[in-house]
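Results of the structural survey
Below are the chains, spelled out letter by letter.
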Amino acid sequence: MTAKEKGIWNNKPFWCILLFGLAVLCSSIKVLVLPQGGSLTYFSLMILWLMTFIYGPRYGLIASVLFGFVRLGITHLTGEYINPNIWSILLEYPIAHGVFCLGGFLQERGQKNDYTIDDHERIQAEPYKLRMGYVIGVAAMLACYVISAELFYPPYRDGFFSNLFYNIVYDSSYLLIEGSFSLLLLCVPKVADAIYYIKHVATHIDEDDTLECF
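Okay, so let's go over this structure. Throughout this document, residue positions are counted from 1 along each chain, in the order its sequence is written. Only residues with pLDDT of 70 or above have their local features reported here, since the model is predicted, and side-chain atom pairs are shown and tallied only from 80 upward, although totals for entire chains, interfaces and linings are computed over all residues. Hydrogens and water molecules were not included; the side-chain quantities draw on all heavy atoms of the structure.

1. Observations concerning the overall build of the protein
The line we're drawing: To qualify as a helix, a DSSP run of H or I must reach at least 4 residues; to qualify as a strand, a run of E must reach at least 2; elements of each kind are numbered from the N terminus. Exposure classes here rest on a 1.4 Å probe applied to the protein chains alone. A residue is buried below 20% of its type maximum, exposed above 50%, and partly exposed in between. The contact criterion used throughout is that any non-hydrogen atoms of two residues lie within 4.5 Å.
On a plain count of helices and strands, the protein comes out with 10 helices and two strands. Mapped in sequence order, the helices and strands of the protein form the string α-α-β-β-α-α-α-α-α-α-α-α. The buried share among the 214 residues of the protein stands at 44%. Excluding contacts between residues fewer than 6 apart, the proportion of contacts in the protein whose partners are at least 24 apart in sequence is 74%.

2. Some words on the pattern of salt bridges
Let me state the cut-off plainly: We define a salt bridge as a contact between a side-chain nitrogen of Lys or Arg and a carboxyl oxygen of Asp or Glu at a distance within 4 Å.
Counted under the stated rule, the structure contains one salt bridge. Its salt-bridge partner being lysine 30, residue glutamate 80 comes within 2.0 Å of it at the nearest N-O pair. Residue glutamate 80 is found in the loop between α4 (57–77) and α5 (86–98), and its partner lysine 30 is found in strand β1 (residues 30–33); the two are separated by 50 residues along the sequence. Of the residues examined, glutamate 80 reaches a relative accessible area of 13% and is grouped as buried.

3. A word on the packing of aromatic side chains
Defined as follows: Classification of ring pairs uses Phe, Tyr and Trp, with its six-membered ring standing for Trp, and accepts pairs whose centres are within 6.5 Å; under 30 degrees between planes counts as stacked, over 60 as edge-to-face, and the remaining range as tilted. The criterion is that NZ of a Lys, or CZ of an Arg, lies within 6 Å of the ring centre and within 35 degrees of the ring normal, and then a charge sits over that ring.
With the rule as written, the count across this model stands at 11 aromatic pairs. When the ring of phenylalanine 100 is compared with that of tyrosine 134, the centres are 6.0 Å apart and the planes differ by 90°; the resulting orientation is edge-to-face. A residue pair is termed long-range when its members are at least 10 positions apart, and phenylalanine 100 in the loop between α5 and α6 (104–113) and tyrosine 134 in helix α8 (residues 126–152) qualify at 34 residues. There is no split in this pair, since phenylalanine 100 and tyrosine 134 are both buried. Site record: aromatic cluster; members linked through ring pairs are Tyr145, Tyr156, Tyr166, Tyr170 and Tyr174. The ring of phenylalanine 53 carries the charged tip of lysine 199 above its face, separated from the ring centre by 4.2 Å.

4. Comments concerning helix α9 (residues 160–186)
Filter applied, for reference: Expected span, for any helix, means 1.5 Å times one less than how many residues it has. At every residue, the bend is computed as the angle between two fitted axes, covering the seven residues ending there and the seven beginning there respectively.
With 27 residues, α9 extends 36 Å between its outermost C-alpha atoms, agreeing within 8% with the 39 Å of an ideal straight helix rising 1.5 Å per residue. Roughly 45° is the biggest bend found in α9, and it falls at serine 172. Within the sequence span of α9, burial applies to Asn163, Tyr166, Asn167, Tyr170, Asp171, Ser172, Tyr174, Leu175, Glu178, Gly179, Ser182 and Leu186. Buried residues along α9 sit against β2 (39–41), α3 (44–55), α8 and α10 (189–203).

5. Here we look at helix α2 (residues 12–28)
Rules: Think of it as the arc spanned by the lines of direction from the helix axis to the C-beta atoms.
If you check α2, its first and last C-alpha atoms are 24 Å apart, about what 17 residues at 1.5 Å a residue would give, namely 24 Å. Listing the buried residues of α2 in full gives Trp15, Cys16, Leu19, Phe20, Ala23, Val24, Cys26 and Ser27. The arc that holds the buried residues of α2, viewed along the axis, is 165°, so those residues lie on one side.

6. Considerations on the nonpolar core
Threshold: Definition of nonpolar core: a set of buried residues of the types Ala, Val, Leu, Ile, Met, Phe, Trp, Tyr and Cys, connected through side-chain atoms within 4.5 Å.
In this structure, Phe53, Phe100, Leu130, Tyr134, Met141, Tyr174 and Leu175 are the most contacted members of the largest nonpolar core, which totals 42 residues. Mapped by element, the contributors of at least two residues to this core are α2, α3, α4, α5, α8, α9 and α10. Per-element accounting of this core gives the leading share, 10 residues, to α3. Ignoring anything within four residues of it in the chain, the contact list for phenylalanine 100 reads Leu45, Leu48, Trp49, Tyr134, Gly137, Val138 and Met141.

Given below as structure tokens:
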């Protein structure tokens, strides 16, 4: 590639803005909106997760918290239900989206503990980090939603455990559906290979981008 092309492809702000913008766009196009809050989107969380997967949990945390505030604004503009309690808003938007990047510590831990593996071996370990990290993020977000429902919403069922089960089912009805479809998409070999290649290009400056391991 020319120096100008490398300046784009190896540019961290370029990828951060691109992924964040795509996540916001997909978040505003909703497949399903539930009456008590919550919506099913077109893979917005998966695209947000790529920010953490590519650049690590620190950048992922900043992007995820900012995305939480943006999603709050989108939810307000589209007329969806928002619990007026300030603690519920914080827990469901910036905090819930912030903990979504927890899966990024999985790959960071592996990188710190092994300095001997080459790029080929590192790429072979990417599928586990990509998919398991996303699952951890969705599970952490679900936990925030359920805690918020238990603390700041009126009980929809009599009894603590009955209401807890109802809240888990309600929040899972949209979050786990999107998560399952996203996980299936991440298991498609061509999609996964494209993500691994983008990660390498976006994080390896001034190196050959045509590796044999791809």
